Structures are given as C-alpha cells and as structure tokens.
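Structure assessment
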Amino acid sequence: MDEKVLVVDQQKCTGCRQCELVCSVYHTGSSNPSRSRIKVVKWEEEGIYLPLICNHCEEAYCVEVCPTKACHREPENNNRVTIDEKLCIGCKTCIIACPFGHPFFDIKDRVTRKCDYCDGDPQCVVFCNPKAVSFMDADKMDVARRREAAIKWADFMKQGR
Amino acid sequence: MTEFNYPIRQARHLKPQEHWGWIVAIYLYLAGMGAGSFIIGTLIDWSIGPSRFIRIPILNLPFDFSKATLLWGPILVAIGAPFLILDLGIKKRFLYACLNPRTSWVARGFIILSAFMIFGLIFLVKSSFPFKWLHGESVLWHILEIIALAFAFATALYTGVLLKATKSIPLWNTYGLPLLFLVSALSTGLMAIILSMLGSGLLTYDSVMMKILIIGEEGLLVLEGIVLHLFLSIKLKATKHAGGSTRIIWLSERLTLFGGVILLSLLFPGLLRNITSLFRGEVVFMVLAGTLLLSGGFFLRLGVLRAGIRDQIPMKRWIEFQYGLIKNPKPEYRRAQGRSAIGGKSETNLKFIF
C-alpha cells in the first residue's frame, strides 16, 4: 500500500480554524480547538496563517523518549506515529522532546494526544474549503517545489552563519 | 492592551516550556541530593569512619544509628520519587514507566533510581541493626556496597542526563548540564551530611574532621561555580552565533530571578564560615549557611527547568524567512531581504497567536 502523508499549503490557508473544530469534534465529541490535533499559528497583523500538524517523523523523538512505548509507529497505517492512550501515563516527555511542539496534553483525559490521520480519513482535509490541507501519496508530492524551497532555505541558513 | 492580552508578543516567538515545573524540580533535587549524600557518606565511612568510635542509640533501642547518619541518602530519593508520580497525568500507571529502557531516559531513570533505593536502603537498614552477623567483613557486602555507590553516581548524573536528552531545548541539550547537576548533587549532599552529623552529635563543630569536611565543601562550591560559569558562558557564545536565539531570555530574565539565589548559595556559605571564625562554636551560622546552600541547589534545578526554551519550530522560521519577517545577521542580506518583504516591513516584531 502506498504511504500517504498530510501536506499543508500555507498560502491557501485563510485562518478560519475550521480544521481545529472538526478535529476536536471528531476525536473528543466537543467543539474545543484546544483539544484539536491540528493547530493554526497566526501572524495576525501580517495576515499569515500556518496549520501545524504532526510530521510523523522518520526518526521520531516522541517515540524515542516515550518510557512506556505508548508512542509508537504503525507501518501498516500509513507509517503513522500514534499514541496508545491505554499505555500513556501522561509524563509529557514526548511534548518536551518534539521539535515541532506537536503532541499536546489533554487536560480532561490526562494523557498526551497527537494526530493519527483519523484512521485514514483526516477530517481536517475533508472540511478544509480552500484545500490548504491535503492527504496524498508521499511520492506524488510536488518534488520540484519542495526542492526549490529547500535550496532557498539552505541559502538562507548559509548566510545566517 | 494587546500586549497585555498576549504577553508572548513581547518575547517574540520564544516561550519557556511549562510542562515540567516545580514538582519535577523537587524530584530532581531530592534525587541529586540523596545520591550525593550517599556517595559522600560512604566515602567518609570508608576513609574516616566516625561511626566506629561513637554509638548513637535512639530511645534506648538496641539499634545504632551512627552509620545511618552517613547513609540516609536513599530516604531522600524515596521521598523525591513520588513527586515524579505526582506529575504524571495518570498516576496509577506509574509502573508502566519502565517499559522502554532501550531508548527512553525516563525508563532508564526509573530502573536506576529503583536499584539505588533498594541497594541504599539495604545498607541503611544493615548499618542500624545490631546483629553481629550483619557486620562481618564479607566480600559480598563490599561488592554490594560498590554496586550501591555506582548506582548513586548514576542517579546523580541521571538528573542531568534526563534533561540533556531533550534535543529541542538548547539550554538542556549539553554535556555541561549532567556535570553541573553532579557537582551540585555532591555539594548539597556533603552539606546535608555535615548538618546531619552536627545534628546527631556524630561530630562536633570544633573537631578537626569537621574542618576538613567544610574545606571539602568549599572546594566543591568553587568547582560548582566554575562549572556554572562555563555552562552559562558557553551558552552565551552559542547565542551570539545563533543570532538572537533562545538563550538570551535565560540570561536576561531568568538568571536575575534564580541567579541571585544560586550565587548566594555558592558565595554566602564561604562568607559565613569567615564570620563563624569570629564567633567560635556558633553552630547557628553553619546551619544558616547549609540551609542557603541546600535551597540554592533546589533553585538551580528549578531555574534550569523554567528556562528551558525550545528552538523555534522550523516551519515558523521558514514562514518568517519567506515573508521577510526575520532579521538576517548579515547587513547586505538584510538590505536585500528588506526589498522583498511584504509591506516594506523587513524587520518587524513577530506576532502570532496559538
């Protein structure tokens, strides 16, 4: 089976935060963006919006530091990194370890949560009207665009030294 | 008004972690001090052995607590361990915390601390019971004692390694931190042993042995000061190269809050000792100096925890770069960046809301 990944096109995001709402409703039954697995970061005055999601990293620090193996990889489910809530003790080590600040502590259930691709049908993708978030095959992503972005970024980093 | 509602704006994108606070600081502090006092206590017992000359019974019981005065460190670790459990989301699952020792330092720490507590408490109980067969010079006991000492070292180092393993927080992710915590564990541990020996009457304040221990304590404090200075100065240099990254906040805001206590705990005990020499036999000064030092050890850990600011998320940096919202350290690049920035704002203060 082809591995699918969540892809964000930041330039299409309007900052409506509907993705946060549907995510929290789908996973918790409540309309509470603070319990959402997707977070929209805003630069309000500049009008820039960036949906942040879990990258399901190849070398996932959250998996590495989890003391209970609750945070684990599932190769059979799009190679996703997910948290088994029956094993999670809520130590918050994964939250501190994640360089992207993705996992969050669910105050109500007292465990850590993160994106699980909604078991193969991400609701943020379904309900995103401007199509800023999409769920696509990893090998069909826009390689040229990413390469161009990477070159720009590398150039920036070199000059920053 | 906006600044009031969103204080993060004043600090740009830098925000200290809030997940590990004073509860974890108490755990790290008691684990470090407990392990340090066991190491120091065992070394004193091996080298000087004051418990061989003095017997300390309590309430006319047949037990001798003279050696226990030196080996009570594991009790501190046992008191500190529940604080880590207290910090868990689901406390009743705390036993799960040892399931992944292959890669997780929390799991390894669970095993190290448990082993230290078991071995340490065995020796503590053994030292107090009056049975002769327990105090025989057997090779097995010596081996067990060395194992307990090794676990004590591992516990003292582990408190720093646990934080060092967090790669996304630059202040923590350095080899200097385990070293700093180890030296702090030894200095607080020695002070705890000095106070317990004074309190129990195992040593008097005027004894030669006490003077040697106080000189040792001062040596450790000097060493701690050097390690702390190196730790901070290395981070300050890293800040300059990184171009206004996370560490500035630690130095500017956090250090003023906790640095005072740390410096007081390092400098004031030495000062007090000189004052004490003017007032001979005044133990109160020693107790005051010891209390300051011990509180400094706690605030050192709390300060390091509170100042743990994670590196900025790469995607945010990418967006800021793309829209010309961040400064580039090279002037020629900043000019070029200014021309392409949105609305001509090349170096605006970043403002975002979660």
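Everything numeric here is computed off the predicted structure, so don't read it as measured data. (Residues numbered from 1 in each chain as written. Chains lettered and ligands numbered in written order. Predicted model: local features only at pLDDT ≥ 70, side-chain atom pairs only at ≥ 80, totals over all residues.)

With respect to the overall build of chain A
Helix and strand counts for chain A come out as five helices and eight strands. Sequence-ordered secondary structure for chain A, helices as α and strands as β, is β-α-β-β-α-β-β-α-β-β-α-β-α. Dimensions of chain A, computed from the C-alpha atoms along their principal axes, are close to 45 × 35 × 30 Å. When burial is assessed residue by residue, chain A has 39% of its 161 residues classed as buried. The contacts of chain A with a sequence gap of at least 6 include a subset with a gap of at least 24, amounting to 54%. (Helix = DSSP H or I, 4+ residues; strand = E, 2+ residues; numbered from the N terminus. Buried ≥ 20, exposed ≤ 12 C-beta atoms within 10 Å, placed from the backbone. Contact = placed C-beta atoms within 7 Å.)

A word on the overall build of chain B
Along chain B, the regular secondary structure elements total eleven helices and zero strands. Starting at the N terminus and ending at the C terminus, chain B contains elements arranged as α-α-α-α-α-α-α-α-α-α-α. The 354 residues of chain B split such that 41% are buried. Look at the contacts in chain B between residues 6 or more apart in sequence, and 74% of them connect residues 24 or more apart.

Quick look at the environment of B:Ile112
Residues and elements named next belong to chain B. Secondary-structure assignment places Ile-112 in helix α4 (residues 105-128). For the pair Ile-112 and Ser-47, spaced 65 residues apart in sequence, the C-alpha separation works out to 26 Å. Excluding residues that lie within four positions of it along the chain, Ile-112 makes contacts with Phe-151, Ala-154, Thr-155 and Tyr-158.

Side note on the interface of chain A and chain B
How large an interface is tends to be reported as the accessible area lost when its parts come together. Residue-level contacts link 38 residues of chain A with 42 residues of chain B. Of all the elements in the fold, those that place two or more residues in the side of chain A that touches chain B are β2 (39-43), β3 (48-52), α2 (61-65), α3 (93-97) and α5 (143-160) of chain A. Taken together, the residues of the side of chain A that touches chain B break down into 22 nonpolar, seven polar and nine charged. (Nonpolar A, V, L, I, M, F, W, Y, C, P; charged D, E, K, R; others polar.)

Remarks on the domain arrangement of chain A
All names here are of chain A. Under the domain assignment used here, chain A contains domain 1 (1-53 + 115-161) and domain 2 (56-100). Once you take the C-alpha centre of each, domain 1 and domain 2 turn out to be 19 Å apart. Listed as interface residues are six residues of domain 1 and, on the opposing side, six residues of domain 2. (Domains from an automatic or database assignment.)

Points about helix α1 (residues 18-28) of chain A
Because each turn of an α-helix spans 3.6 residues, side chains separated by three or four positions end up pointing in the same direction. All names here are of chain A. Those residues of α1 not exposed but buried are Cys-19, Glu-20, Val-22, Cys-23 and Ser-24. Buried-residue contacts for α1 involve β2, β3, α4 (123-127) and β8 (133-137). Downstream of α1 by one or two residues, Gly-29 has phi in the positive range, about 80 degrees.

A look at helix α10 (residues 314-322) of chain B
The set of residues buried in α10(B) consists of B:Lys316, B:Ile319 and B:Glu320. Buried residues in α10(B), looked at end-on, bunch into an arc of 95 degrees, giving them a common side. Buried positions along α10(B) lie against β2 and β3 of chain A. B:Gly324 sits one or two residues past α10(B) and shows a positive phi near 65 degrees. (Arc of directions from axis to C-beta.)

A look at the packing of helix α2 (residues 22-47) of chain B against helix α6 (residues 176-200) of chain B
The relative placement of two packed helices is expressed as an angle between their axes plus a distance between the axes. Residue and element names in this part refer to chain B. Remark: α2 packs on α6, axes separated minimally by 7 Å, with the N-to-C direction vectors making an angle of 65 degrees. Judged by the twist between their axes, the crossing of α2 over α6 is right-handed. Residue-level inspection shows Gly-32, Met-33, Ala-35, Gly-36, Ser-37, Ile-39, Ile-40, Gly-41 and Ile-44 of α2 in contact with α6, the latter providing Phe-181, Ser-184, Ala-185, Leu-186, Thr-188, Gly-189, Leu-190, Ala-192 and Ile-193. Split by residue class, the contact of α2 with α6 holds eleven nonpolar, seven polar and no charged. (Axes fitted to C-alpha atoms, helices over the stretch in contact; angles between N-to-C directions. Left-handed = near helix turned anticlockwise from the far one by under 90°.)

Quick notes on the packing of α4(B) against helix α5 (residues 139-164) of chain B
All names here are of chain B. In contact at an axis separation of 9 Å, α4 and α5 are set at 145 degrees when each is read in the N-to-C sense. In this structure, α4 crosses over α5, and the sense of that crossing is left-handed. Contact residues: α4 offers Trp-105, Val-106, Gly-109, Ile-112, Leu-113, Ala-115, Phe-116, Phe-119, Gly-120 and Phe-123, while α5 offers Leu-144, Glu-145, Ile-147, Ala-148, Phe-151, Ala-152, Ala-154, Thr-155, Tyr-158, Val-161 and Leu-162.

Considering the pairing of strand β4 (residues 71-74) of chain A
Residues and elements named next belong to chain A. With four bridges connecting them, β4 and strand β5 (residues 80-83) associate as antiparallel partners. Paired with Cys-71 across the strands is Ile-83, a residue of β5. Between β4 and β5, which pair antiparallel in sequence order, lie five residues; one of them, Asn-78, sits at a positive phi of approximately 55 degrees. (Pairing = 2+ DSSP bridges.)

Brief notes about the environment of A:Glu58
Position of A:Glu58 among the secondary structure elements: in the loop between β3 and α2. Once the C-alpha coordinates of A:Glu58 and A:Asn77 are considered, the two residues, 19 residues apart in sequence, prove to be 14 Å apart.

Re the environment of B:Leu202
All names here are of chain B. Along the chain, the position of Leu-202 falls in the loop between α6 and α7 (208-242). Given 25 C-beta atoms within 10 Å, Leu-202 falls into the buried group. Separated by 147 residues in sequence, Leu-202 and Arg-55 place their C-alpha atoms 8.2 Å apart.

Remarks on unusual backbone geometry
Residue and element names in this part refer to chain A. For Asn-78, which is not a glycine, the phi torsion comes out positive at approximately 55 degrees. In this structure, Asn-78 sits in the loop between β4 and β5. Of note in this structure, Cys-118 is not a glycine but carries a positive phi near 50 degrees. Tracing the backbone shows Cys-118 in the loop between β7 (111-113) and α4. Judged by local crowding, Cys-118 falls into the partly exposed class, with 17 C-beta atoms found within 10 Å.

With respect to the confidence of the model for chain B
Residues and elements named next belong to chain B. Counting all residues, the mean pLDDT for chain B is 77, and 68% of those residues have values of 70 or more. Segment residues 1-12 is flagged for pLDDT under 50; beyond a separation of four residues in sequence, or across chains, it makes eight contacts in the model. Confidence drops under pLDDT 50 across residues 240-246; counting only partners more than four residues distant or on other chains, this segment forms nine contacts. Interface confidence for the predicted complex, expressed as ipTM, amounts to 0.79; the pTM equals 0.82. (pLDDT = per-residue confidence, 0-100.)

What about the nonpolar core?
Ranked by internal contacts, the top residues of the largest apolar core, which has 118 residues, are A:Cys62, B:Ala35, B:Val77, B:Phe116 and B:Ala152. Setting aside its immediate chain neighbours within four residues, B:Val77 contacts B:Leu30, B:Ala31, B:Gly34, B:Ala35, B:Leu113, B:Phe116, B:Met117 and B:Thr155. (Core = buried A, V, L, I, M, F, W, Y, C linked by C-beta atoms within 7 Å.)

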